[in-house]
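# Descriptive analysis of the structure
Listed here are the chains, written in short residue letters.
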Amino acid sequence: VEINRGYVGHENSAKILANALKQLNFSEDSRILDVGAGTGLVAEALVKRKFTNIDALDASEDILKEAEKKGIYKNCYVDVLGPNRRLQLEDDSYDATISAGVFTLNHVKAEGAMDEMARVVKSGGLVCFTIREDVMFEAEYGYQDKMDQLCRGKVWKLISQSKERYHSKSDFMKCFVYIYQVL
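All residue numbers refer to positions counted from 1 along the written sequence of the respective chain. Only residues with pLDDT of 70 or above have their local features reported here, since the model is predicted, and side-chain atom pairs are shown and tallied only from 80 upward, although totals for entire chains, interfaces and linings are computed over all residues. Each side-chain value is worked out from all heavy atoms of the structure, with water and hydrogens disregarded.

### What to know about the sheet that holds strand S4 (residues 94–103)
- In spatial order, the strands read S3-S2-S1-S4-S5-S7-S6; together these seven strands make up an open sheet with mixed pairing. This sheet does not close on itself; its edge strands, each paired only once, are strand S3 (76–78) and strand S6 (156–165). Each neighbouring strand pair of the sheet contributes to a mean axis angle of 15°, computed without reference to strand direction.
- DSSP bridges decide pairing: two strands pair if at least two such bridges lie between them. Only runs of H or I of at least four residues qualify as helices and only runs of E of at least two qualify as strands under DSSP, and these elements are numbered from the N terminus. Relative to strand S5 (residues 121–132), S4 runs parallel, the two being bridged by six bridges. Its bridge partner lying in S5, Ile98 is registered against Cys128.
- Here, two residues are considered to be in contact whenever any of their heavy atoms come within 4.5 Å of each other. Convention adopted: a line fitted to C-alpha atoms gives each axis, helices being fitted over their contacting stretch, and angles between N-to-C directions are expressed from 0 to 180 degrees. Packed on one face of the sheet, helix H1 (residues 9–23) meets strand S1 (32–35), S4, S5, S6 and strand S7 (174–182) and runs near 160° to S4.

Below, the structure written as structure tokens:
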């Protein structure tokens, strides 16, 4: 049953992260945190690419329960990204974090969220996320400013940026997929 109505952001971001991890010689057992995991679409796409050591984080306990039924996550955490919020996770505990469909209209703003995604990743690890084209440059979301700030602060460096299809049924909707390497 096709429930995602043409949404492909999860496929594209998972493919891009998996390729980057392989290029940098990360093992398929690398520990990955799926941020804003939802029902597990990103993890399913990663598992297809042989990455299976995945934890889920989402603000909705009900949605996480759905994701858990798929049996693809090692751990599931209910937590919220946002300003002045620290996730319940340890520093430097993941090889990568991935977030698809979270930095978008009426969802998560950059402040606090990007910082936390970087904090839980080990030095040398990767932070991958999509930002929908229509909100990318909206000042109120602060995405570009936050990414630049974290570069200037030597938290991470940009290793890839591409513009990808976000939705297979609408040609106009694109998203940016970023990968940063934590320093």
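After that view of the structure, there is still more to cover.
### Quick notes on the pattern of salt bridges
- The salt bridge criterion pairs a side-chain nitrogen of Lys or Arg with a carboxyl oxygen of Asp or Glu, the two atoms within 4 Å. Tallied over the full model, the rule gives 16 salt bridges.
- The salt bridge partner of Asp91 is Arg119, with a shortest N-O separation of 2.5 Å. Within this pair, whereas Asp91 is found in the loop between S3 and S4, its partner Arg119 is found in helix H4 (residues 113–119), the two being separated by 28 residues in sequence.
- For Glu133, the salt bridge goes to Lys163, with nearest N and O atoms at 2.7 Å. Here Glu133 is found in helix H5 (residues 133–136), whereas its partner Lys163 is found in strand S6, with 30 residues between them in sequence.

### What to know about the pairing of S4
- Judged by how many residues are buried, S4 sits mostly within the fold: 10 of 10 residues are covered.
- Where S1 and S4 come together, three bridges link them in parallel fashion. What sits directly across from Leu33, in S4, is Thr97.
- Classification remark: right-handed applies to a crossover when, strands pointing away from the viewer, the course from the first strand over the helix to the second runs clockwise. Taken together, S4, H4 and S5 form a β-α-β motif whose crossover is right-handed. Three labels apply to residues, based on accessible area from a 1.4 Å probe with only protein chains included: buried if under 20% of the type maximum, exposed if over 50%, partly exposed otherwise in between.

### Focus on the nonpolar core
- Here, the term nonpolar core denotes a set of buried Ala, Val, Leu, Ile, Met, Phe, Trp, Tyr and Cys residues that are joined through side-chain atoms within 4.5 Å. Phe103, Met114, Phe129, Ile131, Tyr143, Met147 and Trp156 are the most contacted members of the largest nonpolar core, which totals 32 residues.
- Elements with a contribution of two residues or more to this core: S1, S4, H4, S5, H5, helix H6 (143–152) and S7.
- The residues touching Phe103, leaving out its near neighbours within four places in the chain, are Val108, Lys109, Ala110, Ala113, Met114, Met117, Phe129, Thr130, Ile131, Arg132, Val135 and Tyr143.

In short, geometric facts, not functional conclusions.
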